[in-house]
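Listed below are the residues making up each chain.
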2 protein chains.
Amino acid sequence: MAKRVYLFNEGGKDDRDLLGGKGANLCEMTALKLPVPFGFTITTPTCREFFDNGNQLPSRLEQEYRVALDLVEKKMGANFGDPENPLLFSVRSGAAVSMPGMMNTILNLGLNDEIVEGLARKTNNPRFAYDSYRRFIQMFADVVLGVDGHKFEKIIEEYKANHNKVDDVEMSAEDWQEVISLYKTITDFPQDPFEQLKLAVEAVFMSWYTPRANFYREMSNIPDSLGTAVNVQAMVFGNFGDDSGSGVAFTRNPSTGEHSFFGEFLFNAAGEDVVAGTRTPLSLTALQDKLPAVYDQLFETQNQLEKHYRDMQDIEFTVQEGRLYMLQTRSGKRTGRASVKIAVDMVAEQLISEKEALMRVSPDHVEAFLHPMVNPDCKRDIIASGLPASPGGATGKVVFSAEEAVEVAADGTAVILVRRETTPEDIQGMKVSEGILTVLGGMTSHAAVVARGMGVCAITACGTLSINDGAGTITTADGTQIKRGEIITLDGNAGDVMLGDIEKIEASNSDDFQTLLSWADKNRRLKVRANAETAEDAAKARELGAEGIGLCRTEHMFFEAGRIDVMRGMILSATIEERQTYLDKLLQFQHNDILALFEVMDGLPVTIRLLDPPLHEFLPHNEEEIVALAERIGKPVDEIRERTESLKEVNPMLGFRGCRLSVVYPEITEMQVQAIISAAVTAVEKGLKPYPEIMIPLVVNVREIRLINTIIDNGIQKVLQEKQISIPYKVGTMMETPRATLGADRLAPEVEFMSFGTNDLTQMTYGFSRDDVGKFLPQYLEKKLVESDPFVSLDQRAVGRLMEMAVTESRARKKGIKYGICGEHGGDPRSIQFCHDLGLDYVSCSPFRVPVARIAAAQANVGRELGDV
Amino acid sequence: MAKRVYLFNEGGKDDRDLLGGKGANLCEMTALKLPVPFGFTITTPTCREFFDNGNQLPSRLEQEYRVALDLVEKKMGANFGDPENPLLFSVRSGAAVSMPGMMNTILNLGLNDEIVEGLARKTNNPRFAYDSYRRFIQMFADVVLGVDGHKFEKIIEEYKANHNKVDDVEMSAEDWQEVISLYKTITDFPQDPFEQLKLAVEAVFMSWYTPRANFYREMSNIPDSLGTAVNVQAMVFGNFGDDSGSGVAFTRNPSTGEHSFFGEFLFNAAGEDVVAGTRTPLSLTALQDKLPAVYDQLFETQNQLEKHYRDMQDIEFTVQEGRLYMLQTRSGKRTGRASVKIAVDMVAEQLISEKEALMRVSPDHVEAFLHPMVNPDCKRDIIASGLPASPGGATGKVVFSAEEAVEVAADGTAVILVRRETTPEDIQGMKVSEGILTVLGGMTSHAAVVARGMGVCAITACGTLSINDGAGTITTADGTQIKRGEIITLDGNAGDVMLGDIEKIEASNSDDFQTLLSWADKNRRLKVRANAETAEDAAKARELGAEGIGLCRTEHMFFEAGRIDVMRGMILSATIEERQTYLDKLLQFQHNDILALFEVMDGLPVTIRLLDPPLHEFLPHNEEEIVALAERIGKPVDEIRERTESLKEVNPMLGFRGCRLSVVYPEITEMQVQAIISAAVTAVEKGLKPYPEIMIPLVVNVREIRLINTIIDNGIQKVLQEKQISIPYKVGTMMETPRATLGADRLAPEVEFMSFGTNDLTQMTYGFSRDDVGKFLPQYLEKKLVESDPFVSLDQRAVGRLMEMAVTESRARKKGIKYGICGEHGGDPRSIQFCHDLGLDYVSCSPFRVPVARIAAAQANVGRELGDV
C-alpha cells in the first residue's frame, strides 16, 4: 500500500504530481527552513482511490493521518481538540496543476463550543476567538454541508444594521458570540474536531468535481484523472490584532514584469480577506512602515524563493503577533507583457537559459503584444479609475452578469462585464468579454488573476462606481448614469474607464518581445505560414513573421463587388463558349490578385487552393437578387432561378465542391492554373522569386489527383509554351476527407505536398457540421461529453490518428513530401505541439496568430528537448 | 523472359489467368482431342507489357509468334500469306474473366487482293472467297483502322438496292468483287498478311481500354490490370456452302435450366451471323435433320464437355463442308431460375457437391425467384410475340434509346427499352430498364445474353414489330401504333408483349430454390437479419429467412398519420411537462408497434435504433402546413414557425441528430426505452420470447454511450421496478462516424454489440452527401474516378479499413461483442464477402434481399473454404 500522508518535511517541489503544487511547495519551503506552519498532505492518488471507492475515504486513511497529526502537534506544541492548548488547521485542496480559486478551503478547523472558549482564554483575545469560530462555522457549513453562504452574510448584515455597526472591526467578542448563536439556527455541524477533519477531507475531494472545477479543467485542458491533494496545515492568524495581518505578493510586477517586489497587505485580517477583495488592501510599504523587521524578513524570503525556483513567485503570508509565516509559494500568473519581460530579464540575469525563457511564455500571452491599446493622446472622458489589473484597451456594451455577457456576445457583439466582484462562476462570461470592470477587489482578486490569465483587459477596485443590476445602471461619483448596453472603454494599462468608443492603437512592439521571437525562430523546426488572400493580409502576416502563405482561398477573390457578377455569369453560362468569355475576365482578376501575393511574399511559398465552395454560394439567395442579377447580366429570370435551384444542396458540406468542381468543370481549374502560372511569370519578369504551390481540395482518392494533374498541366502548358521561363511550382493536395488520410500512401506518388485541412477533417470524422454544432456542442461541453471543442483544439485521438496514419503511410511510400496544416488548429498551441511531434513541415494560421504559432512551435521543439512537455 | 506465345496444345483450362478464358478452353478442347482448328494464344501479361511499353508490342513478340505460326501452318497443311494454299486466321480477344461482346474480333485475316484469288481457286468457290474478303476488309477497317462500320453496311444496302437484291445469298462472287472495290474507296488496309496480323494483335490489346470494355469491367468489378490475351486461330468457314454453317448451343436450357441440349444454327453462315441476330436462326433440329452425323458428333461433344467442365457449357461451333469444328466452350450464362435448377440437378447427378452448387448461383440471380411474373390467368391483349430471352414480368413506359431510358428512369419511372437490336453501347440504358424488347436477335443475341446476366426481363426476335424512333412509334403487324411513353407489359417467360399494365403475381417459390437455400443455411457462418419497421415487413423478412431484425428505425413509426402531430407537439413543447404528455402518447404507439415486432420475431433478436433523424424532419415544411398544424395542436403560428426555423440546419446530415438528441432530450430516449422494455414485458406475459437490442446511433465517443446508458437504465428501471420479469435485453451502438470506428476500443467496454451503419460511414469517409452526390457521382463513375458507387458496394479500402480497425481494436479490448452491418451494403454480395472475412456476426438488409444475402453469406464461407474466392 502506497504511503498516503506526507508531513511537510517529507517532500519537496518535485513531488507536485503526488502532493499537488501547494503541498509540494509547502514541503519545499519547509526544507528551505522558511517559517512554514507545520502540517501534512494527503496525496492525489488518495483522491482517485476515494472516487474509485464510491466516494468513500480509504479505510486506513484516518489512521494514517492521525499519526501525522500527532507529529504536527508535537512540532507546534499544541493539540488538536484540546481546549486548553488548541491546535487549529486549515484544510485546502491543491492539485498538481494550479487551479486558483477553484477548490474549497476551510480555515480554523478544530474549533467547537468548548475549544473556542479555551482559545479565547489562551490567546486572551475573545474577540479573535469568536471571530475565528464564526468564520469556521460559515466556511464549514458552506463548503462541507452545502449551506448557502449568503445566509451567513445576511445574518451579519442584519446584525450590524440592528446594532448600528458598519465594519467588521467594530464587532466585539460578544457581537460575534451572538452571530454564532444566530448561525446555529440555520446550520448544524459536528462538534468533534476529528469528525470535522474527516468531513473536510471528503469535501475537498468532492470539490474536484464541482461544475466550476470541471469547467476550469476543461478550459485549461487538465485531465480529470489528476485529482487533488489535501493540505492540512496548522493555523496562524492574521486577524489576531494590529500586529497581525495577511498579505499576498509577487516577486516581480505581474502586470509589467518590472523587477520590483510587489504586493498587498491587510492588517488584522485573514488571508481570505485579501483575496476576496472585500476590503481594498494596502501596499507593502504600509507593512514596511509598521513592521520593518517583518518586511525585511519577507523581502529576503521572496528573493530567496525566486532564486530557488528560478521563476517569479506568487506568495501568501501571514503575520501573527509580529511573526512572519509563509503559507504558500507558487509561480505567479502574469500578463503576456510581464511574462515576456520576466523571461528575457531572467536570461540577462543568468537565472535561466534562452530555451527556458521560451518555455516561460504562454503562447496565448503573446497576443497581448498584438492587441490594441487605448491611444494615450486621445482626449479621455474618464468617469472612474481603478487598479490596472490586466492590460490592453477594450470597448464594448455594458453587461451586468456573466450570463448576459454570454448572451449578448453570442453574435459577436463586444461586451464589457461590469461586476461588484467576480467569482469563479463568472468564468464563462469573463471569457467572452472584451474587458472586465469590478468595483471591489485588487490586483490579486479573482477578477484580476483570471483576466490576466485569459489575456483580457481588466480594471478592478473601481470603488467610486455603484452598480444597480436590477435597474441596469452604473452610477459614477458625480452622478452620471451609464445604462445597460451603453458603450464604454477600459484602459487596462492606466486603470481608466471612459464613456464611448475611444481610439485604440496597435500594440506597440517591444524589444523583449522581438528578442523572445528571435529565440523562438532559432529554436523551432516547424515553419509558420499564414492563411491569407489579400496583399494587405499577406503583408501583415509577413511583418509578423510568416514564412509564406499556407492557404490562399481563391474563392474569396470572387466575392468582391465587380467580380461576383462575372463569377455568376460564369456559373450560369449555357455553353462552354459563353463560360469561356467569363473565365477570361476572371483569369485577369485572379492573375492580378495572385501577382500581388507573389510580390508581398517574394521568395516565399504561396499555397493557392483551387476553387472550393459549392457554386450555389456565389449565386443570389432570393428572388429580389435573382431579378436584379438577371437585369445586370442579361439572362432570363427563369433561367437563373432554375439554375440556382438546381445547384441547391441538402448537405453542401458533403456536396458538389472542392476538386469535384474540377472534375465537372475542368475549364475553371484550367483558368485558375493559368492565372497562377501567368502571375508567376510576370513576377519573374519583374525580378521576383515566386513559389506557387497549387493545392487540390477535398480529394478522396488518387484518381482525382491524376485527372486534375492533367488539367493543371494543360493550364501550365498554355502559359509556358509562350514564355521560355521556368516556374518552380508544386502541386499538392489538401487532406480533409477521412478517405484521403486513409489512402495517403496511394496519393503520395502524385503530390509534392499534403496540407491537412483539419476543419473539414474534424467535421467529417465527428459528423459535426461546424454550422450546426451550436445546437448541441454547448451541451456536450457542459456535460463533458467532449474534452474540448474539437474545432478549437485538434482531436488527437481520432483526427490526429488519421493525420498520423496519413503521414506515416505516405512517407513510407515516397520521401520528400512536404506536410502542413492549414485548418484553424494551425494557430492553436496544443495542436501545434501535435503537429511538431508528427513531423509536419509547417503550420499555417491567421496572420495575427503567427507570432503565437512561432512561440508555440519553438516550445513544442524545446519542450521535447528539455523533456518538459 | 517469360514465354509469351502458347500453342493450343501447350495449355489447359487452368491457364485461364495466363491465356484468358477463351484461350485456356481452346487448349483444353485441343487436349480433349476435339476438332479444334489449331492456333496459338498470346498471353495476358503481354497485354500489360504492351501498355507499360507505351502501347508498343514487346520487341521480340513478333519473332515469338512467327515460330508458333510455322507450327500452325504445318498442322493445318496450309500457309499464311501463300496464295496457292492460303491459311487464314481469326484473331480474338479473351480475358481471364468472360466479357462477352466487349472485345473486338477480326476474321479471315491473311487475305489480300492476290490471296483471295488463290482462295477462290483452291476452294473452287469464288463467291465464298470474295464474301470472306469483304467481311475481312469490313472488320479490319472497323476494328483496326477505326472506319465507321455503318459505311460498309450502307455500301452493301445501296448495291443491293441498285441491283434488286434483298438477301446476302443472292449476292454472287462478282457482286462481292464490286462491293470490295467500293469498300476500297473508303478505306485503305495493308496487303501484307504479317502486317495485318501485327496490327490486329495491337488492336485487340488496345480494345481493352475502349469505353465499353471499361464500362463492362466497372459494372462487373473486373480489375483493369488483368489484360486480355489474343487468340490467333486457323479459320474454318461456316459460309462455305449449304453443307456448312455456324451455331451456338448450350448444354442445358439457359432460361429454364432444363437438362436438354439447346442451340441455334444457321446454314451457310459465319458465326458472326448467328450472334449478331441479323438473321433469325434455326433450332438444332434443322442441323439434325440435314446433317445427322454432324449433329450426333456435336451432341456427343457437348455431353463430353459438360461432364469434363462439370458445368453447363455455352459452345460455338462451325460446320465446314460437313465437318464439325469446335471454336469455343465456356460456362454458359443463365437465368437465375436456370442457375438454381442446374446447380441442384447437378448435385443429384453427382456431378458437383452441394458446396459447389452453392458457388454456381449468382446471388443476384436469386432475385428472379422473388420478382413478379405476369399473372397467366389475366386476359392478355397480345400485340406481338418474340423469343422469351430473359424471364420475369415487366411493365413500363416505352423508350427508344439507352439515353432516353437513363433519362426517363432517373426519377424512378419504370421503362421498357425497345430497340431493333442492342449493342454493348446500350448497357447503361438496359441496366435501368424494367424490360427489354428487340425486333431482331435470338436467344443468344446481345440483348438476350446481357438481359439474362442482369436479371432483366427481355423478349427478342419480335420481328412483327416495326420501329420508327424518329416518330417515336412502334407499329404492330395489324397496324396498331404504340407511342413513346405509352405503357406496355412484357412477359419474359412467354415472350408476349401486351398493351398497358397487366397484373403480376409474386414469384412462385421453387423446390430447387428452397433446397439451395437450405444448403446455404447449412454452409454459412454469417447470420442474416432484415431492416424492418412494420410487422408486415418483418413477417415477409421472416418468411424469406431473416434471423431477426438488424435495424428497426423507430422514427418511421412517428411519420404515420395520427402520430406525426403528436410527434410535432412533443418537439414544439415549451415545457418539460407539456412534452411529457405528448411523450406518454408516443410511448403507447411505440409500445404497440414494437410489441407487434416481438410477436413476429418471437425468439429472434430485434435491434431497435433510438430516434435518429434531425427533429426538423418531423416539422411542417411550409407556411400552409404550419398554419394547419397550429390549428390542430392549438399553438400560435409564430411559435411553430420560430421553432421550425430555429431547428433548420445547413448540413442536417452532420447536425443535431442521432444520439445528440438523447443528450439534449433524454426524456425522448427514456420514453423509447420504456416502450421497448414494456413491449418486451407484455410479450413475455403472452408467452413469447422477445430479444430487444437497443441501438444508440451516431456515436462519436464513449462518454455519449455512458451518458445514454444511464438514461436507458432509468427507462428500464421505470418499467421493471413494477414488473418482476427479467428481460434479456442488450445495449449497443451503431458505428457510423469515422470517429466511432477510430475509437472502438474505448467504446467496447460499454456495449454488447456494434452495428456498422455503412451508409453514413461512407458519407463521412468520402464527404459524399447521399442526397447531393448525383451532381457529380455520375461523372465520377463515367471518368472512372471511383471503382463503383460506394453506396452500392462497400469501399473496402477506406470504409472497410475503418471497420476492420474497429473490429480488431474493440475485440482486443473486450471479447463477446456482437458485430453486424445494417447499411445498404448488408445486402450486397461483394460487401457480404467482406463482412464474412472481417468476422462480423450478421448482416442486415431489406427483406427481399434476405435470400440473396443467405446465398452470398454461404458463398463467402464456402468460397474461402474451397479457395475459389
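Residues numbered from 1 in each chain as written. Chains lettered and ligands numbered in written order. Predicted model: local features only at pLDDT ≥ 70, side-chain atom pairs only at ≥ 80, totals over all residues. Heavy atoms only, no water.

Engineer: Would you take a moment to explain the packing of helix α32 (residues 829-838) of chain A against helix α33 (residues 850-866) of chain A for this structure?
Structural biologist: For any two helices packed against each other, one specifies the inter-axial angle together with the distance between the axes. Residues and elements named next belong to chain A. In the contact formed by α32 and α33, the axes pass within 9 Å of each other and the chain directions differ by 50 degrees. With respect to their mutual orientation, α32 and α33 come out oblique. Remark: the crossing between α32 and α33 carries right-handed chirality. Here Pro829, Ile832, Gln833, His836 and Asp837 of α32 lie close against α33, whose contacting residues are Val852, Ala853, Ala856, Ala857, Gln859, Ala860, Asn861 and Arg864. A class-by-class count of the residues in the contact of α32 with α33 yields 7 nonpolar, 4 polar and 2 charged. (Axes fitted to C-alpha atoms, helices over the stretch in contact; angles between N-to-C directions. Helix = DSSP H or I, 4+ residues; strand = E, 2+ residues; numbered from the N terminus. Parallel < 35°, antiparallel > 145°, perpendicular 65-115°, else oblique. Left-handed = near helix turned anticlockwise from the far one by under 90°. Contact = heavy atoms within 4.5 Å. Nonpolar A, V, L, I, M, F, W, Y, C, P; charged D, E, K, R; others polar.)

Engineer: For this particular structure, what's the right way to read the relation of the copies chain B and chain A?
Structural biologist: For these two chain copies, the linking operation is a rotation about an axis paired with a shift along it. Mapping chain B onto chain A is achieved by rotating through 180 degrees and translating by 0.3 Å along the same axis, at an RMSD of 0.2 Å. On the angle and the small slide along the axis, the relation comes out as a two-fold axis. When you check the interface residues of chain B against chain A, 100% turn up at the interface there too, and the contact is symmetric in its surfaces. (Least-squares fit on C-alpha atoms with pLDDT ≥ 70 in both.)

Engineer: Can you walk me through the state of the cysteines in this structure?
Structural biologist: By definition, a disulfide links two cysteine residues through a covalent bond between their sulfur atoms. Residues and elements named next belong to chain A. Scanning the entire structure with this criterion turns up 0 disulfides over all chains. Between Cys835, a free cysteine, and Cys822, which holds the nearest cysteine sulfur, the sulfur-to-sulfur gap is 11 Å. Its relative accessible area of 0% is what places Cys835 among the buried residues. (Disulfide = S-S within 2.5 Å. Buried < 20%, exposed > 50% of the residue type's maximum accessible area, 1.4 Å probe, protein only.)

Engineer: Before we go on, may I ask you to explain the interface of chain B and chain A in this structure?
Structural biologist: Many analyses report the size of an interface as the accessible area lost when the parts associate. Contact with chain B, which involves 50 residues of that partner, is made by 50 residues of chain A. Where chain B abuts chain A, roughly 4700 Å² becomes buried across the two surfaces, and 56% of that area is made up of carbon and sulfur atoms. Broken down residue by residue, the surface that chain B buries against chain A is led by Leu654, Arg703 and Arg739 of chain B, which jointly contribute 15%. In this structure, the connection of chain B to chain A is made through 4 salt bridges. Among the salt bridges present, the one from Glu809 of chain A reaches Arg801 of chain B, with a minimum N-O distance of 2.4 Å. Where chain B packs against chain A, one counts 32 residue pairs in polar contact (both at pLDDT 80 or more). (Buried area = accessible area lost by both parts, 1.4 Å probe. Salt bridge = Lys/Arg side-chain N within 4 Å of Asp/Glu carboxyl O. Polar contact = N/O pair within 3.5 Å; in protein donor to acceptor, adjacent residues only side chain to side chain.)

Engineer: Sorry, what's going on with the environment of Leu298 of chain A here?
Structural biologist: All names here are of chain A. Here Leu298 lies in helix α12 (residues 292-309). C-alpha separation for the pair Leu298 and Phe317, spaced 19 residues apart in sequence, amounts to 8.6 Å. The contact partners of Leu298, leaving out residues within four places of it in the chain, are Phe261, Leu287, Ile315, Phe317, Leu324 and Met326.

Engineer: Whenever I open this one, the side chain of Asp760 of chain A confuses me. Can you help?
Structural biologist: All names here are of chain A. Positionally, Asp760 belongs in helix α29 (residues 758-766). Side chain to side chain, Asp760 and Arg657 meet in a polar contact 2.8 Å long. When neighbours within four sequence positions are excluded, Asp760 is seen to be in contact with Met653, Arg657, Leu698, Glu736 and Arg770.

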